[in-house]
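Remarks on the overall topology
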Amino acid sequence: ILAHGQVKVTLGTGSSLMCPTGQRQASSHGLSETVAWAAGGEVVYALEGNIAVSGNAAAFTCKTLGVDGPEALTE
């Protein structure tokens, strides 16, 4: 992500969405304020939302529904 308004998504055991805001900005929706990057003396801030247990939630759903894995949920 290189510009304001773009979103970076990370998926794994946990998941996160990060959206650069340019300058420091507080969230009124429970998002975390973080540094997106720093280059050439400039710091670009972002808001980030995290799901700590997304991998476990997918595994629990598969076990509960009796399917072999997440790919079976899309068939």
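Below, the structure is looked at part by part.

Rules and cut-offs
- Residues numbered from 1 in each chain as written.
- Predicted model: local features only at pLDDT ≥ 70, side-chain atom pairs only at ≥ 80, totals over all residues.
- Heavy atoms only, no water.
- Pairing = 2+ DSSP bridges.
- Helix = DSSP H or I, 4+ residues; strand = E, 2+ residues; numbered from the N terminus.
- Axes fitted to C-alpha atoms, helices over the stretch in contact; angles between N-to-C directions.

**A few points about the pairing of strand S4 (residues 42–51)**
- Where strand S2 (residues 15–22) and S4 come together, seven bridges link them in antiparallel fashion. Bridging across to S4, proline 20 finds its partner in alanine 46.
- Pairing analysis gives seven bridges linking strand S3 (residues 32–39) to S4, with the strands arranged antiparallel. Considered in S4, the bridge of glutamate 33 is made with leucine 47.
- Counted between consecutive antiparallel strands, the loop separating S3 from S4 contains two residues, among which glycine 40 sits at a positive phi close to 60 degrees.

**Here we look at the pairing of S2**
- When strand S1 (residues 8–10) meets S2, the two strands line up antiparallel, connected through three bridges. Of the residues in S2, the one forming a bridge with threonine 10 is serine 16.
- Two successive antiparallel strands, S1 and S2, enclose a turn made up of four residues.

**A short note on the sheet that holds S2**
- Spatial strand order, S1-S2-S4-S3: four strands in an open sheet with antiparallel pairing. Every interior strand has two partners, whereas the edge strands, S1 and S3, have only one. Geometrically, the sheet is characterised by an average inter-axis angle of 30 degrees between neighbouring strands, direction not taken into account.

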